Amino acid sequence: MKNWGLLFFALLLLQNQGILFQQVEAEDGFVKTKGVQFILNGIPYYANGFNAYWLTYMASDPSQRNLVSSAFQQASKNGLTIARTWAFNDAGYRALQNSPGSYNEQTFQGLDFVVSEASKYGIKLVLSLVNNYENFGGRKQYVEWARSQGQQSINSEDDFYTNSVVKGYYKNHIKTVLTRRNSLTGVAYKDEPTIMAWELMNEPRCTSDPSGKTIQAWITEMASYLKSIDGNHLLEAGLEGFYGESKQQTNPKDFQVGTDFIANNQIPGIDFATVHSYPDQWLTGSSYEDQVSFLSSWVNDHIQDAQNILHKPVLFAEFGRSLKESGYTTSQRDQIFNTVYSAIYSSARGGGAAVGGLFWQLLAEGMDSFQDGYGVVLSESSSTVSIIAEESHRLIKIRKMYARLRNIEKWKRARDIRRAQWWSGNKVNDTGN
């Protein structure tokens with residue numbers, strides 16, 4: 001009886017949100033948005049996931065591809081179906097882009113493998129296109145490339161957002177990645193349903209313009225350009241979730257980094273919002289209890305704003321707790337995960353805007369050198385792994401509930417068609433008599 005009650009409640013939600021009682025959408029495997037929800041093959045898509053920035057880096061060496069396969073296998077085993085990773089590496093070791101417009105085919109084949117392997121395990125990808133930080137090149141490398149070509153007017157990394165030469169380099173990278181034809185599958189990235197979304201930048205910031213106008217203009221321009229090439233995929237900006245002047249008090253310690261969660265995500269080309277959550281980094285010196293209290297408010301504020309102001313889905317794209325923190329315990333990390341997961345599930349079970357969470361970060365066995373304090377190895381049994389798997393199970397249960405309801409609706413439509421055909425046939429027979 002309890003399950004029937006949930007089904008009836010979900011049926012009302014679907015009816016109110018206009019998801020049922022419409023023509024069945026094409027089942028093409030691309031994740032879309034409808035209101036505040038992700039939709040996959042006509043069904044609301046709530047999903048648990050992870051970050052693994054290192055996937056292409058490892059896959060570019062065929063002898064290390066087993067680490068990628070192992071990570072996806074363990075992720076799938078624990079119900080994780082979204083992975084966020086880098087589709088960039090600028091001028092560094094195992095670079096994807098050696099210089100503007102010059103690409104390393106071996107590294108690109110590594111990214112091809114990541115996409116192909118993710119598909120095998122039913123994992124959707126969020127691919128980020130450049131870094132705010134100098135790790136793997138980022139804004140700094142683009143600016144240095146432009147300076148080396150005579151752009152001496154560039155004064156800082158923030159000119160990445162405004163200099164025409166730099167913007168040209170970045171647009172070329174967008175086009176190159178989106179039009180890449182996978183060497184393993186033969187499918188162009190822009191036509192590949194395994195890719196769920198593109199991300200313009202990992203954690204964009206522009207501290208030289210706290211008004212937010214610079215980043216607002218850049219996101220607007222780049223979102224429009226990307227969508228002119230690829231109309232299949234979702235797009236997000238890569239924001240951490242910091243607010244502009246209108247709601248600055250919500251930010252940790254009044255952070256103001258030139259972004260605005262509301263204005264930036266209201267740009268038409270941006271399909272869903274993202275939030276990152278690191279109270280251990282943002283509230284250094286505060287007690288653990290204060291950090292958890294902040295996190296709870298931070299997550300719930302963004303869910304409400306996505307629901308009521310943006311009217312778009314929100315993905316909690318990074319969160320975690322570092323084992324390098326003074327006094328760290330596994331139970332502390334578990335509480336951080338539970339705080340984020342509970343808010344997501346509470347929203348999702350009511351058809352709300354919180355569509356999932358991606359913890360930072362997943363590591364495969366034997367990757368100790370990549371441990372930044374936040375790494376989770378799923379094959380190593382721990383209470384955290386159990387919490388991750390339980391959240392996956394709860395969100396999968398919601399998806400299955402919607403799928404059952406959709407099957408009921410399809411059956412009703414087929415029944416109505418058969419009835420109409422029967423009545424039509426009888427009327428013809430009556431006329432003939």
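Whatever comes next refers back to the structure up there.
Residues numbered from 1 in each chain as written. Predicted model: local features only at pLDDT ≥ 70, side-chain atom pairs only at ≥ 80, totals over all residues. Heavy atoms only, no water.

J.: Looking at this model, I keep getting lost on the overall build of the protein. Mind explaining?
T.: Summing up its helical and strand segments, the protein has twelve helices and 13 strands in all. A total of 433 residues make up the protein; the buried ones form 55% of that total. Relative to all contacts within the protein whose residues are 6 or more apart in sequence, the contacts with residues 24 or more apart total 74%. (Helix = DSSP H or I, 4+ residues; strand = E, 2+ residues; numbered from the N terminus. Buried < 20%, exposed > 50% of the residue type's maximum accessible area, 1.4 Å probe, protein only. Contact = heavy atoms within 4.5 Å.)

J.: What am I meant to see in the pairing of strand 4 (residues 47–51) here?
T.: Remark: a regular strand shows side chains that alternate across the two faces of the sheet. Across the five residues that make up strand 4, a large majority, five, are buried. Neither face of strand 4 is open: one carries Ala 47, Gly 49 and Asn 51, the other Asn 48 and Phe 50, and all of them are buried. As paired strands, strand 4 and strand 13 (residues 354–359) are joined by four bridges and run parallel to one another. If you follow Ala 47 over to strand 13, its bridge partner there is Gly 356. In terms of strand pairing, strand 4 meets strand 5 (residues 82–86) through three bridges, oriented parallel. Residue Asn 51 lies in a different strand from strand 5, and its bridge partner there is Arg 84. (Pairing = 2+ DSSP bridges.)

J.: Looking at this structure, how should I read the sheet that holds strand 10 (residues 234–236)?
T.: Pairing between the strands of a sheet comes from backbone hydrogen bonds, and it takes one of two forms, parallel or antiparallel. If you walk across this open sheet you meet the eight strands as 10-9-8-5-4-13-12-11, and the pairing is parallel. The outermost strands of the open sheet, each flanked by one partner alone, are strand 10 and strand 11 (273–277). Adjacent strand axes in the sheet meet at a mean angle of 25° when their direction is disregarded. Here strand 9 (residues 195–199) pairs with strand 10 via three bridges, running parallel. Across the sheet, residue Glu 199 finds its bridge partner in strand 10, namely Glu 236. (Axes fitted to C-alpha atoms, helices over the stretch in contact; angles between N-to-C directions.)

J.: Looking at this structure, I do not really get unusual backbone geometry. What am I missing?
T.: Leaving glycine out, the prevailing phi sign among residues is negative, and the prevailing peptide bond configuration is trans. In the segment running from Trp 360 into Gln 361, the intervening peptide bond is cis, with an omega of -5°. With respect to the helices and strands, Gln 361 occurs in the loop between strand 13 and helix 12 (383–432). A positive phi is found at Arg 94, a non-glycine position, where the angle reads about 55°. Relative to the assigned elements, Arg 94 resides in the loop between strand 5 and strand 6 (97–99). Phi is positive for Glu 203, which is not a glycine, with a value near 55°. Residue placement: Glu 203 occurs in the loop between strand 9 and helix 7 (213–229). Overall, Glu 203 belongs to the buried group, its relative accessible area being 7%.

J.: Would you mind showing me how to read the packing of aromatic side chains here?
T.: Centre distance and the angle of the planes are the two values used to describe a pair of aromatic rings. Here the structure, examined in full by the defined rule, presents 35 aromatic pairs. Relative to Trp 282, the ring of Phe 242 lies with its centre 5.0 Å away and its plane at 55°, an arrangement referred to as tilted. Of this pair, Phe 242 sits in the loop between strand 10 and helix 8 (261–265) while Trp 282 sits in helix 9 (residues 279–282), and the two are 40 residues apart along the sequence. For Phe 242, a relative accessible area of 1% gives the class buried. Ring centres of Phe 319 and Phe 337 lie 5.1 Å apart, and the angle between their planes is 70°; on these two criteria the pair is classed as edge-to-face. With a gap of 18 residues between them, Phe 319 in strand 12 (residues 314–319) and Phe 337 in helix 11 (residues 330–348) connect regions that are remote in the sequence. (Phe/Tyr/Trp six-rings, centres within 6.5 Å; stacked < 30°, edge-to-face > 60°.)

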